[in-house]
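An overview of the molecular structure
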Amino acid sequence: MLSALIVMAGIALVLGAVLGYASIHFRVEGDPLVEKIDAILPQTQCGQCGYPGCRPYADAISKGDADINQCPPGGEEGIRKLADLLGREVKPLNAENGVEKPRAVAFIDEQTCIGCTLCIQACPVDAIIGAAKQMHTVVSGLCTGCELCIAPCPVDCITMETIPETVETWKWRYPVFAIRQAA
Amino acid sequence: MKLFKFNGGVKPETNKDASTALPIATLPLPGRLTVPLHQSIGGTPRPLVRTGQRVLKGERIGAADGNVSAAIHAPTSGTIVALEPAVMPHPSGLSALCAIIAPDGEDAWAPVNPVDVRALSGGELRDYLRDAGVVGMGGAVFPSHLKLNPGRQGKVQTLVINGAECEPYITCDDMLMRERPDSIVRGTMLMAQVLGAERILVGIEDNKPEAIAAMEAASRGTPIRVLAVPTRYPAGGAKQLIRVLTGIEVPHGKRSTDFGVQCFNVGTACAVHEALDFGRPLISRIVTVAGNVSTPRNFEVLFGTPMAEVVRTALPRPDTNRYVMGGPMMGFPMPAYGVPVVKATNCILVASDHLFPPPPPEMPCIRCGECAKACPADLAPFELYWFARAHNYGKAQEYHLFDCIECGCCAYVCPSHIPLVDYYRYAKSEIWARERDKDAADQARTRFEFRNERQDREKREKAEKLAAKAAETKAKLAEEATGAPPADGDDPKKALIAAALERARQQKAAVEPKNTDDLPAAIQAEIGEIDARRQAAMPAEPPA
Amino acid sequence: MFSSPFVRKPTSVQSVMLTVLLALLPGIAAYVWHFGAGILVQIFIATAAALATEWGFLRLRGKPTALYLSDLSAVVTAWLIALTFPPLVPWWLIALASILAVGVVKHLYGGLGQNPFNPAMAAYCLMIVSYPALMSQWPAAGHLDFATQWDLIAGGVRDLDAITGATPLDALRTALREAASPSSPNHALNASTLMDGPAFGLAGGQGWEWVALGYLAGGLFLMHRGVITWHIPCAFLGALAAISLLMWGLRPDHFASPLFHIASGGSLLGAFFILTDPVSGATTPRGKLFFAGGAALMTLMIRDFGAYPDGVAFATLIMNLCVPLIDMKTQPAVFGHKQD
């Protein structure tokens with residue numbers, strides 16, 4: 001009887017110590033899921049998903065408030081990665097949120113710009129420079145192509161220009177030498 | 001001296017004899033030169049010329065963009081007829097900015113200013129070489145001035161000069177060593193001086209006895225040691241040659257200077273000599289034309305010369321259907337016959353389906369391990385292939401994908417005829433694209449978060465300011481109330497509004513454009529048009 | 001547009017498989033010499049069944065049949081099945097084994113290059129579990145004429161007297177078990193005494209030792225041609241010899257000599273032709289040593305303590321299971337990364 005008690009108490013002590021050690025040494029800080037989702041999102045900050053930025057959308061996905069197919073800039077590949085991460089089914093992009101387009105940057109027609117600063121206020125990543133009554137311009141390296149500057153422009157001088165493929169950004173294609181039976 | 005060995009490697013037919021029978025020939029001036037501004041690793045040089053401008057031979061037409069870049073020069077005298085995108089000698093078939101030069105036939109040199117290496121500091125010398133456009137001539141076109149830096153650790157003990165030239169068909173280095181060994185030796189000594197190298201080793205594959213003899217004769221009386229290395233592809237890979245000559249293995253991502261070694265191609269040594277001793281920038285190179293031609297030989301070709309013009313001189317056979325830039329193991333198919341010769345063009349391999357038949361059908365990998373036996377980087381190529389095929393890039397990098405030098409040995413020996421190197425190129429370019437996207441996303445995230453924080457701060461500050469002002473006004477009013485009772489209770493408020501209105505009016509007057517007088521009619525009309533559009537776009541009077 | 005390299009070594013899956021088939025010929029010749037031409041009939045049946053199955057599955061999977069049939073991988077599997085099975089089993093057993101090997105073990109796992117198990121060995125194990133009696137009837141050397149062999153293969157009445165009923169390995173095991181019991185007349189006789197009978201031949205059983213010698217010659221040819229490396233055969237035979245030497249040295253009355261282990265059963269066929277199957281085997285040089293060494297240990301365990309006459313087939317399958325782990329843990333150091 002006594003030995004049984006001692007054994008049980010010993011086991012309890014050892015297990016308790018192991019658990020205590022684990023809780024200190026394998027502690028997980030914060031909510032890594034939101035971070036992981038946010039890392040997949042393209043950070044365009046365009047709001048097409050219905051949330052004010054990528055991070056809020058990531059929050060909403062992790063809470064189950066939003067679906068994974070609401071990000072047009074992320075496109076099909078983004079949906080596939082989210083589905084992989086969250087163990088969900090891949091589904092097509094929700095057309096209500098927009099359509100997947102090739103990567104583009106905003107371009108301000110400097111002849112037409114009146115310097116109203118509305119686009120500067122709209123830009124989520126401060127990629128437009130200029131001042132009141134001064135011509136504005138887009139720093140194309142910083143532009144995420146969110147199109148948020150287009151609507152506020154009173155003179156419609158902003159257009160989206162697709163980023164052309166260059167020798168430096170060109171990618172080797174997946175080698176396809178399909179072996180299929182001829183007819 | 002004891003030589004070392006690298007694992008793997010293959011021994012394909014070398015096919016080098018055909019193009020070494022004749023001496024290096026010079027081509028007549030072509031009718032048009034298409035000089036791409038971007039011919040080296042690094043930034044695209046900024047154009048220094050305008051359309052219609054006359055340039056002299058050797059005149060700088062593109063200035064290095066930053067330190068990792070090299071300048072571009074006019075290969076002959078003539079007129080810049082256009083600065084426009086043209087198809088690049090790149091497998092993508094994409095275009096990039098080129099200077100199109102119509103030669104005037106005079107081939108008149110711009111004034112040259114040779115320098116005395118002793119009189120220059122290391123930095124000045126490197127700037128000089130950058131502005132002379134000297135890049136690695138072995139095919140990698142890495143700006144040479146960056147490699148001529150002894151680095152922080154002190155000096156580079158060993159300078160390796162690469163004359164191995166292991167790729168089949170290519171003989172441009174071989175012919176250069178046979179015909180201009182003195183220039184190579186002089187350039188090598190200059191580089192050794194800059195680097196402070198004590199040991200200078202020239203590695204030449206033992207299937208080039210003439211080149212070895214010529215280099216030995218030219219280097220007599222210098223500390224240069226010419227060493228014959230066993231002929232085995234890819235002995236001419238920089239890492240493999242360093243391994244063979246010194247036993248040092250330089251991993252991917254590390255600089256060879258960290259190990260006290262630096263390696264240059266024999267052509268680069270020649271270019272350094274030309275630039276420093278004669279002040280001549282890099283405007284031409286030796287190009288082997290071989291393969292499906294009647295008279296394969298080497299030519300000294302000005303950059304920008306269309307490949308078809310060079311090949312024509314070597315009499316291509318009628319069944320020619322494409323050009324390859326480089327050799328049969330690592331070369332790239334060219335998108336057009338008219339693409340220009342650039343600094344990286346060591347060989348134009350004229351191809352036909354008879355000479356290089358399309359690969360047999362691809363079979364599944366049977367994991368036979370032939371590729372692993374052949375890999376000079378000791379990789380497991382078939383594992384990399386599985387990962388690349390499955391888009392499993394993380395795993396591919398774990399298995400050292402980026403240590404792959406794309407030499408093609410694995411695909412050469414594969415009994416299943418799998419285009420292994422294509423899979424690695426695909427995976428590498430995907431990984432680079434992903435890294436670019438990730439960097440852009442990280443930057444956007446930071447900027448977005450910063451903007452949100454700033455907006456919050458501005459809102460907060462505004463609210464605080466307003467609160468402070470309101471308190472102030474209240475205090476003032478209370479003071480006035482306690483002092484003399486106001487005649488009209490609304491008076492101060494009205495005065496404030498009047499003042500604000502006056503300020504607004506003044507502001508409006510201030511921003512009224514004042515430079516609209518005395519403008520030409522066309523611009524007046526344009527302003528009118530813009531104003532009209534503005535009127536149309538905005539309500540005439542902002543709603544009160 | 002295809003890209004570099006534009007030149008290739010004149011090699012193909014077909015040429016690799018053809019070399020393997022060529023290398024099997026000396027062993028087959030010795031087989032025919034000592035046990036009659038019945039084996040040729042079995043090889044033919046196995047090849048026909050394997051190719052037919054391969055064709056059917058290729059059609060079902062929409063793959064080009066001519067290209068894949070001519071890679072000869074199914075033929076290699078078929079020949080190995082015929083050579084590892086008892087030579088006088090009814091034809092349908094060989095055919096069934098070939099169909100299972102090619103259809104289930106190979107194609108259901110994804111076809112050429114994808115099968116985790118050696119098809120011939122998997123089929124062997126399936127058959128020995130399903131038809132243990134038929135799978136353990138082995139003839140003694142050369143006392144059956146071709147007509148009788150043909151009759152047995154065609155499914156004629158199995159006259160058990162015509163077949164001695166066990167391999168030398170099996171016979172030895174039975175004898176040793178018997179000798180272990182105190183009531184037996186052979187009690188306390190050691191293995192070498194028990195193996196004195198003519199059926200045990202010079203080293204590995206009458207006739208079988210010559211077949212094994214044929215496999216050895218073929219294996220050396222494969223090594224010479226670079227189709228296989230030295231790692232697997234040397235590690236397998238070396239480990240087999242070392243472990244059996246240890247056991248024989250400790251208890252000579254219980255265990256057979258290393259020479260007997262190497263020369264009998266499927267040891268040499270396994271060392272040069274079965275374990276060296278690249279698809280299901282380990283691929284790294286160090287991995288191959290572990291893989292083959294493990295297979296040798298398993299083989300001896302099964303031979304000496306297990307219920308089956310030979311252990312090479314089961315040992316191969318068990319080690320096939322370990323291949324992903326072995327490969328992952330034995331990746332050689334990459335150029336420039338050897339110090340870390």
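Given the structure is predicted, the values throughout are model-derived calculations rather than measurements.

Each value, and the rule that gives it
Residues numbered from 1 in each chain as written. Chains lettered and ligands numbered in written order. Predicted model: local features only at pLDDT ≥ 70, side-chain atom pairs only at ≥ 80, totals over all residues. Helix = DSSP H or I, 4+ residues; strand = E, 2+ residues; numbered from the N terminus. Rg over C-alpha atoms; globule rule 2.2 N^0.38 Å. Buried ≥ 20, exposed ≤ 12 C-beta atoms within 10 Å, placed from the backbone. Contact = placed C-beta atoms within 7 Å. Expected span 1.5 Å × (residues − 1). Bend = angle between axes of the 7 residues up to and from the residue. Pairing = 2+ DSSP bridges. Axes fitted to C-alpha atoms, helices over the stretch in contact; angles between N-to-C directions. Parallel < 35°, antiparallel > 145°, perpendicular 65-115°, else oblique. Left-handed = near helix turned anticlockwise from the far one by under 90°. Domains from an automatic or database assignment. Nonpolar A, V, L, I, M, F, W, Y, C, P; charged D, E, K, R; others polar.

Tallying secondary structure elements over chain A gives five helices and four strands in all. Starting at the N terminus and ending at the C terminus, chain A contains elements arranged as α-α-α-α-β-α-β-β-β. Radius of gyration (C-alpha) of chain A: 26 Å, far over the 16 Å computed for a compact globule of 183 residues. The C-alpha extent of chain A, read off along each of the three principal axes, is 95 × 65 × 35 Å. Looking at chain A residue by residue over its 183 residues, the buried ones come to 26%. In chain A, the proportion of contacts linking residues at least 24 apart, taken out of those at least 6 apart, comes to 57%.

To continue, consider helix α15 (residues 312–329) of chain C. Residue and element names in this part refer to chain C. Between its first and last C-alpha atoms α15 spans 24 Å; for 18 residues at 1.5 Å apiece the expected length is 26 Å, and the two agree. Taking the largest bend as the criterion, α15 deviates by roughly 45 degrees, centred on Cys322, and proline Pro324 comes between one and four positions later. Among the residues of α15, Val312, Ala313, Phe314, Ala315, Thr316, Leu317, Met319, Asn320, Val323, Ile326 and Asp327 are the ones counted as buried.

Moving on, we come to the sheet that holds strand β6 (residues 72–73) of chain B. Residues and elements named next belong to chain B. Pairing within the open sheet is antiparallel, and its three strands lie in the order β3-β5-β6. The sheet terminates laterally at β3 (46–47) and β6, the two strands that pair on one side only. With two bridges joining them, β3 and strand β5 (residues 60–63) adopt antiparallel strand pairing. Bridged to Pro47 within β5 is Gly62.

Residues and elements named next belong to chain C. Viewed as axis vectors pointing N to C, helix α11 (residues 231–250) and helix α13 (residues 267–274) meet at an angle of 155 degrees, and their least axial separation amounts to 8 Å. Comparing the axis directions of α11 and α13 gives the class roughly antiparallel. Read as a crossing pair, α11 and α13 show a hand that is right-handed. Across from Ile232, Pro233, Phe236, Leu237 and Leu240 in α11, the residues of α13 making contact are Ser267, Gly270, Ala271 and Phe272.

The packing of two helices is summarised by the inter-axis angle and the distance between the axes. Residue and element names in this part refer to chain C. Running from N to C, helix α6 (residues 119–130) and α15 point in directions that differ by 120 degrees, and their axes come no closer than 9 Å. Judged by the inter-axis angle, α6 sits oblique to α15. Here the hand of the crossing between α6 and α15 comes out left-handed. For the pair formed by α6 and α15, the contact residues are Met121, Ala122, Tyr124 and Cys125 on the first element and Ala313, Phe314, Thr316 and Leu317 on the second.

With that settled, consider the sheet that holds strand β14 (residues 297–302) of chain B. Two strands in a sheet stick together by hydrogen bonds in their backbones, pointing the same way (parallel) or opposite ways (antiparallel). Residue and element names in this part refer to chain B. With mixed pairing, the six strands of this open sheet are ordered in space as β1-β14-β13-β17-β15-β16. Of all strands in the sheet, those bounded by a partner on one side alone are β1 (25–26) and β16 (332–333). Where β1 and β14 come together, two bridges link them in parallel fashion. Within β14, the position partnered with Ala25 by the bridge is Phe299. Contacting β13 (284–291), β14 and β17 (347–351), helix α3 (residues 172–179) runs over the sheet at an angle of about 125 degrees to β13.

Let's shift gears to the domain arrangement of chain A. Residues and elements named next belong to chain A. The domain boundaries assigned to chain A delineate domain 1 (32–97) and domain 2 (102–166). The C-alpha centroid of domain 2 is placed 25 Å from the C-alpha centroid of domain 1. At the interface, six residues of domain 1 touch seven residues of domain 2. Considering only residue class, the side of domain 1 that touches domain 2 consists of one nonpolar, five polar and no charged.

To continue, consider unusual backbone geometry. Among all residues save glycine, negative phi is the norm, and among peptide bonds the norm is trans. Cis geometry marks the peptide bond from Tyr233 of chain B to Pro234 of chain B; its omega dihedral reads -5 degrees. Within the secondary structure layout, Pro234 of chain B lies in the loop between β11 (224–229) and α6 (238–246). That bond from Ser4 of chain C to Pro5 of chain C is cis: its omega, -5 degrees, falls within 30 degrees of zero. Mapped onto the fold, Pro5 of chain C is located in the segment before α1 (13–35). Even without a glycine there, the phi angle at Thr117 of chain A is positive, about 70 degrees. Mapped onto the secondary structure, Thr117 of chain A falls in the loop between β1 (104–108) and α5 (118–122). Given 16 C-beta atoms within a 10 Å radius, Thr117 of chain A is considered partly exposed. Positive phi outside glycine occurs at Glu165 of chain B, with the angle close to 45 degrees. Tracing the sequence through the fold places Glu165 of chain B in the loop between β9 (158–162) and α3.

For interface size, the figure often reported is the accessible area lost on association. Each partner contributes residues to the interface: chain C has 31 residues there, and chain B has 45 residues. When residues of the side of chain C that touches chain B are assigned to their parent elements, the largest contribution, three residues, is made by α1 of chain C. Of the residues in the side of chain C that touches chain B, the class split is 15 nonpolar, twelve polar and four charged.

Once that is clear, we can look at the interface of chain B and chain A. Contacts between chain B and chain A engage 28 residues on the former and 26 residues on the latter. The set of elements that each furnish at least two residues to the side of chain B that touches chain A consists of α13 (420–482) and α15 (521–537) of chain B. Per element, the largest residue contribution to the side of chain B that touches chain A is 14 residues, and it comes from α13 of chain B. Grouping the amino acids of the side of chain B that touches chain A by side-chain chemistry returns 15 nonpolar, four polar and nine charged.

So, on to the domain arrangement of chain B. Residues and elements named next belong to chain B. Here the domain parsing of chain B yields domain 1 (17–29 + 119–333) and domain 2 (363–449). Between the C-alpha centres of domain 1 and domain 2 there is a distance of 28 Å. Across the contact, nine residues belong to domain 1 and nine residues belong to domain 2.

All names here are of chain B. In terms of burial, strand β12 (residues 261–265) is largely enclosed, as five of its five residues are buried. Because side chains alternate across β12, one face comprises the buried residues Val261, Cys263 and Asn265, and the other comprises Gln262 and Phe264, equally buried. Bridge count between β9 and β12: five bridges; the pairing is parallel. Across the sheet, residue Thr158 finds its bridge partner in β12, namely Val261.

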